[in-house]
Amino acid sequence: MVTIVPINEEERASIINGLKSSVPATKLITLKKIVDLTVLRPESLQYMEMTDKMAIQRIVSGIERIMEYDIDEVLKREASIALEKLKVTLGSKFVQNLFYCQNCNGVVDIGWENCANCGASLAEMGFAETKPCPNCNKHTSENWNNCAHCGFQLIKEEDKIQKCSGCKREVDPTWMVCPYCGTRLKVSKK
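Residues numbered from 1 in each chain as written. Predicted model: local features only at pLDDT ≥ 70, side-chain atom pairs only at ≥ 80, totals over all residues. Heavy atoms only, no water.

## So, the packing of aromatic side chains
For clarity, the cut-off: Only Phe, Tyr and Trp rings are paired, with Trp represented by its six-membered ring, and only when their centres lie within 6.5 Å; those with planes under 30 degrees apart are stacked, over 60 edge-to-face, the remainder tilted. Each residue gets one of three labels from its accessible area relative to the maximum for its type: buried under 20%, exposed over 50%, partly exposed in between, using a 1.4 Å probe on protein chains only. Charges are assigned to positions over rings by a cutoff of 6 Å between ring centre and Lys NZ or Arg CZ, combined with an angular limit of 35 degrees from the ring normal.
As enumerated under the stated definition, the model contains one aromatic pair in all. On the numbers, 6.4 Å between centres and 65° between planes, the contact of W175 with Y180 is edge-to-face. The exposure class assigned to Y180 is partly exposed, which follows from its relative accessible area of 43%. The side chain of R169 reaches across the aromatic face of Y180, ending 3.9 Å from its centre.

The structure is reproduced here in structure tokens:
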């Protein structure tokens, strides 16, 4: 059993403010601290991701800002290392976008009926990256097997199995090229 030592408010503020700092040494120390957290206390970052998605989003945005706008190549390199380590630590949750209430701008989960902050109904809000459930017409996520609202099966078992577009044989989702016929399965990122 792993004992989780949560990242406290002071530590969280220190990381977020350190990424915004105009002093390169402060940014570098902050990036090193993030890398250390991913190695020494990954469960603390995972816990923060579950309890305070906004803080994780701010940390990710701060790292991305350094990678994109900073002129110091050392900082850019360290930022890319920190972001990669953070991606590995947070896993698939990392790629999910946050949804915001259009009434109060609070973070919401599309599986909810109402905003936990202001009580506004999420059914009347439009979220670009969601699609409606064919059964209840409420917001769903593309990675859901069943609708969180009504339980309708969104992905059938046969839809989960990836097949090559060329030879129609089953392929591993991580493959770039079909080993059976040579058809390109994914476009490589450059």
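Right, picking up where we left off after that structure.
## Observations concerning helix α4 (residues 53-69)
Selection criterion: Going along the chain from the N terminus, every DSSP run of H or I of four or more residues is numbered as a helix, and every run of E of two or more is numbered as a strand. In a helix, the anticipated span is given by 1.5 Å times the number of residues less one. The arc in question is the one traced by the directions running from the helix axis out to the C-beta atoms.
Between its first and last C-alpha, α4 extends 24 Å over 17 residues, near the 24 Å set by a 1.5 Å rise per residue. Those residues of α4 that fall on the buried side of the exposure criterion are A55, I56, I59, V60, G62, I63 and I66. Considered in projection along α4, the buried side chains sweep an arc of 155° and stay on one side of the axis. Exposed residues lying more than 90 degrees from the buried face of α4 are E68 and Y69.

## Quick look at the nonpolar core
We count it as follows: Here, nonpolar core means buried Ala, Val, Leu, Ile, Met, Phe, Trp, Tyr and Cys residues that are tied together by side-chain atoms lying within 4.5 Å of each other. Contacts are assigned to residue pairs that have any heavy atoms within 4.5 Å of one another.
Of all hydrophobic cores here, the largest spans 22 residues; its most connected members are L19, L31, I59 and I63. Elements with a minimum of two residues in this core: α1 (9-20), α2 (24-40), α3 (42-51), α4 and α5 (73-90). In this structure I59 touches I15, I16, L19, I34, M48 and L86, once residues within four positions along its chain are discounted. Core analysis: the second largest hydrophobic core is formed by 10 residues, C101, V108, C115 and L122 among them.

## Here's the deal with the UniProt feature "domain: DZANK-type" (unreviewed entry) in the protein chain
Quick note on the threshold: UniProt positions are given in the numbering used here, feature names are shortened, and annotations may be inferred rather than shown by experiment.
As annotated in UniProt, the feature "domain: DZANK-type" (unreviewed entry) corresponds to residues 101-151 in the numbering used here. Across residues 101-151, helical content stands at 0% and strand content at 12%; the span's end C-alpha atoms are separated by 23 Å.

## Concerning the packing of α2 against α5
As a reminder of what qualifies: Under this scheme, a helix contributes an axis fitted over its contacting stretch, all axes are lines through C-alpha atoms, and angles between N-to-C directions fall in the 0 to 180 degree range. Here the word oblique covers every angle except those under 35 degrees (roughly parallel), over 145 (roughly antiparallel) and from 65 to 115 (roughly perpendicular). In this scheme, a crossing is called left-handed if the near helix is turned counterclockwise away from the far one by less than a right angle; it is called right-handed if the turn is clockwise.
In the contact formed by α2 and α5, the axes pass within 9 Å of each other and the chain directions differ by 25°. Relative to α5, α2 is oriented roughly parallel. In this structure, the crossing between α2 and α5 has a hand that is left-handed. Residues P24, K27, L28, L31, K32, I34, V35, T38 and V39 of α2 pack against L75, E78, A79, I81, A82, K85, L86 and T89 of α5.

## Some thoughts on the side chain of T30
With respect to the element layout, T30 can be found in helix α2. Taking the relative accessible area as the measure of exposure, T30 reaches 7% and is therefore buried. When neighbours within four sequence positions are excluded, T30 is seen to be in contact with S14, I15, G18 and L19.

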